[in-house]
Amino acid sequence: MALLLVFAFALGWIWTFLALVVRTPNAVMGWSMLVITPLTFGSNIYVDPATMPGWLQAVVGVNPVSHLVSAVRGLVHGEVAGSDVVLVLVWAAALVAVVGPLTMRRYRTRI
């Protein structure tokens, strides 16, 4: 559960930045769907990557949601996938490190 919360917190910075950039709540919702839909459907949530074409397997391999799903599945089944957990934490830290300062800068300049 903690891993999901950490990743959700990191993604939350993207939505906060979008909320400061666009003008209406509906626009935030539209842009968030534009970001999250490819991340979700281009991952290993629904389909085993082994059944996908090679180019799509490459996309799934670098998708942070795929690493999150693999890590959570491993943790739930008692088969700790250490590399996936580390990759999720690295993705979360990178998102916060990049989008966090951008969001705070946007917030300061908007007021």
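Shown above is the structure to which this text applies.
A brief report on the enclosed structure follows. Every value quoted in this text rests on a predicted model; they were computed, and no experiment measured them.

What about the environment of A8?
Relative to the assigned elements, A8 resides in helix 1 (residues 2-21). Looking at A8, the relative accessible area reads 43%, which means it is partly exposed. Separated by 18 residues in the primary sequence, A8 and N26 have C-alpha atoms spaced 21 Å apart.

Side note on the side chain of H67
Position of H67 among the secondary structure elements: in helix 4 (residues 64-76). With near-sequence residues (within four places) excluded, H67 lies in contact with G61, V62, D84, L87, V88 and W91.

A few points about helix 1
Helical geometry note: an α-helix holds 3.6 residues per turn, so side chains three or four residues apart project in the same direction. The end-to-end C-alpha distance of helix 1, which contains 20 residues, comes to 29 Å, matching closely the 28 Å that a straight helix rising 1.5 Å per residue would cover. For helix 1, every residue scored as buried is listed here: L3, F7, A10, L11, W13, I14, L18 and L20. Against helix 2 (25-41), helix 4 and helix 5 (82-110) lie the buried residues of helix 1.

Quick look at the packing of helix 1 against helix 2
Where helix 1 contacts helix 2, the two axes come as close as 9 Å, and the packing angle between them is 140 degrees. Note that helix 1 runs across helix 2; the crossing there is right-handed. Together, L11, W15, L18 and A19 of helix 1 and V28, W31, S32, V35 and I36 of helix 2 make up the contact between the two elements. Residue composition of the contact of helix 1 with helix 2, grouped by class: 8 nonpolar, 1 polar and no charged.

Side note on the packing of helix 1 against helix 4
Following both chains from N to C, one finds helix 1 and helix 4 inclined at 165 degrees, their axes separated by 10 Å at the closest point. Taken together, helix 1 and helix 4 sit at an angle that is classed as roughly antiparallel. The two elements helix 1 and helix 4 meet at a crossing, and its hand is left-handed. On the side of helix 1, the interface is formed by L3, L4 and F7, while helix 4 contributes P64, V65, L68, A71, V72 and L75. Of the residues contributing to the contact of helix 1 with helix 4, the split by class is 9 nonpolar, no polar and no charged.

Quick word on the nonpolar core
In globular proteins that are soluble, nonpolar side chains generally tend to be buried together. Grouped together as the largest cluster of nonpolar side chains are 16 residues, with contacts concentrated most on L3, F7, I14 and V88. Looking at this core element by element, the count peaks at 7 residues for helix 1. What I14 contacts, discounting residues up to four positions off in sequence, is L95 and V99.

What counts and how
Residues numbered from 1 in each chain as written. Predicted model: local features only at pLDDT ≥ 70, side-chain atom pairs only at ≥ 80, totals over all residues. Heavy atoms only, no water. Helix = DSSP H or I, 4+ residues; strand = E, 2+ residues; numbered from the N terminus. Buried < 20%, exposed > 50% of the residue type's maximum accessible area, 1.4 Å probe, protein only. Contact = heavy atoms within 4.5 Å. Expected span 1.5 Å × (residues − 1). Axes fitted to C-alpha atoms, helices over the stretch in contact; angles between N-to-C directions. Left-handed = near helix turned anticlockwise from the far one by under 90°. Nonpolar A, V, L, I, M, F, W, Y, C, P; charged D, E, K, R; others polar. Parallel < 35°, antiparallel > 145°, perpendicular 65-115°, else oblique. Core = buried A, V, L, I, M, F, W, Y, C linked by side-chain atoms within 4.5 Å.

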